[in-house]
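What follows is the residue order along each chain.
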Amino acid sequence: MKEVIKEAGIRAGGLPDEGELEAINRFAKRELKAGEVYAFTVKLCDNEVDRDGERFSEKTLEELAPLFVGKSGIFDHQWSAQGQTGRIYRTKVVREETILTRAGDGYCYLKGYVYMLRNEKNETLIQEIEGGIKREVSVGCAVSKTVCSICGQEPKEGNCRHVPGREYGGKLCFRELVGATDAYEFSFVAVPAQPKAGVMKKSAKGGERMEQLKKEAELGRRYLANLRQDAVRLGALAEPGLAVETLKTITEKLEEPELLALKECFTKRAEERWPVMGQLPQRSERAEHGHGDSAFLI
């Protein structure tokens, strides 16, 4: 068995609705009112390869979901009753198939629904969550084993020589955490191992805002794509010795400021190499060759 600590994040919240309050009261000794409770959601862990070169499989996330129900929220994995700040009252695995992990499969994460009491002790913490100060969290859990994504062996047995983070035959090597056996707690931390773990934002017009953000992102992608195409076209004119594929490779790594600077440089170079010529000869040239302007007079 391997004990695991992985970081995640929180979603700002507020008053629970009737259905959420009913779920919360399953853990309370007396029936709590909505005004007594602060509820929020937290991204506990996901299936992305993290900074340790490890990840939870989707199946492991599904196994962890019921194990985290009823578990406490604390600080920095210090297991003391004084540090208890909230409790997970339900969980679910969320799938975002349009987002791909570094391993190339669909992204998913374990979402926890947490409540804490609105009292003097928690007032500062609630303000810090709302203000975005407290946003990263980490989970403590246990899995039965870790296996190599390349050979499927357990590294601890000494049969695996693959190095996490390297690619073998175009396939990323990482350690997959499989077989969830227990869940201990989630903690507020400073630096998470999983980059995407953290407080999840919420707005009153979440759906509309998300659609607007998607449209803006698409416009941004189109703008950069056009900018890269222009830079490649001008580069081909300015530097004929450079292959188009080379120019494409260069521009794909650049963002707007660098692309604009490169485009300006290529434009100047192209103008020097291919100066613009007028359609009609200058007056002095026409006079020298005995041509007048009469043919152009109306």
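Everything below is about the structure printed above this text.
Keep in mind the model is a prediction, meaning the values are calculated, not measured.

## Observations regarding the packing of aromatic side chains
And then number 1: All told, the structure shown has 4 aromatic pairs when counted by the stated rule.
And then number 2: Residues Tyr-38 and Phe-40 carry aromatic rings whose centres are separated by 5.7 Å and whose planes lie at 40° to one another, so their mutual orientation is tilted.
And then number 3: Of the residues examined, Phe-40 reaches a relative accessible area of 3% and is grouped as buried.
And then number 4: Note on Tyr-107 and Tyr-109: the rings are 6.0 Å apart at their centroids and 35° apart in plane angle, and the pair reads as tilted.
And then number 5: The exposure class of Tyr-107 is buried, given its relative accessible area of 1%.
And then number 6: An aromatic cluster of at least three residues, connected via ring pairs, comprises Tyr-89, Tyr-113 and Tyr-115.

## As for the layout of surface pockets
And then number 1: Quantified by volume, the second largest pocket comes out at close to 310 Å³.
And then number 2: Contributing to the lining of the second largest pocket are 16 residues, with Thr-85, Gly-86, Arg-87, Tyr-115 and Leu-117 lying nearest its centre.
And then number 3: Among the elements of the structure, strand E5 (86-100), strand E6 (106-117) and helix H3 (120-130) are those that each provide at least two residues to the lining of the second largest pocket.
And then number 4: Counting residues per element, the lining of the second largest pocket draws most heavily on E6, which supplies 3 residues.

## Digging into the nonpolar core
And then number 1: Grouped together as the largest cluster of nonpolar side chains are 28 residues, with contacts concentrated most on Leu-44, Cys-45, Phe-56, Leu-64, Phe-68, Leu-110 and Phe-186.
And then number 2: Of all the elements in the fold, those that place two or more residues in this core are strand E2 (37-46), helix H2 (58-68), E5, E6, H3, strand E7 (136-148) and strand E10 (175-188).
And then number 3: Grouped together as the second largest cluster of nonpolar side chains are 11 residues, Ala-238, Leu-259, Phe-266 and Ala-270 included.

## Notes on the pattern of salt bridges
And then number 1: By the definition in use, this model includes 12 salt bridges.
And then number 2: With its nearest N and O atoms 2.9 Å apart, the salt bridge here joins Arg-55 to Asp-105. Here the residue Arg-55 occupies a position in strand E3 (residues 54-56), and Asp-105 occupies one in the loop between E5 and E6, the gap between them amounting to 50 residues.
And then number 3: Residue Asp-105 is classed as partly exposed on the basis of its relative accessible area of 28%.
And then number 4: Put simply, Arg-269 and Glu-272 hold a salt bridge, and the shortest N to O gap is 3.7 Å. Of this pair, Arg-269 and Glu-272 both sit in helix H6 (residues 256-273), 3 residues apart, roughly one helical turn.
And then number 5: Given a relative accessible area of 31%, Arg-269 falls into the partly exposed group.
And then number 6: Relative accessible area serves as the criterion here: at 59%, Glu-272 is assigned to the exposed category.
And then number 7: Among the ionic contacts, a cluster of salt bridges with common partners joins Arg-55, Asp-105 and Glu-176.

Definitions and limits used
- Residues numbered from 1 in each chain as written.
- Predicted model: local features only at pLDDT ≥ 70, side-chain atom pairs only at ≥ 80, totals over all residues.
- Heavy atoms only, no water.
- Phe/Tyr/Trp six-rings, centres within 6.5 Å; stacked < 30°, edge-to-face > 60°.
- Buried < 20%, exposed > 50% of the residue type's maximum accessible area, 1.4 Å probe, protein only.
- 1 Å grid on protein atoms, 1.4 Å probe; cavity = no way out; pocket = protein on both sides within 12 Å on 5 of 7 lines; lining within 4 Å.
- Points joined across faces, edges and corners; volume = space filled by probe spheres on them.
- Helix = DSSP H or I, 4+ residues; strand = E, 2+ residues; numbered from the N terminus.
- Core = buried A, V, L, I, M, F, W, Y, C linked by side-chain atoms within 4.5 Å.
- Salt bridge = Lys/Arg side-chain N within 4 Å of Asp/Glu carboxyl O.

Treat this as a map of the structure, not an account of what it does.
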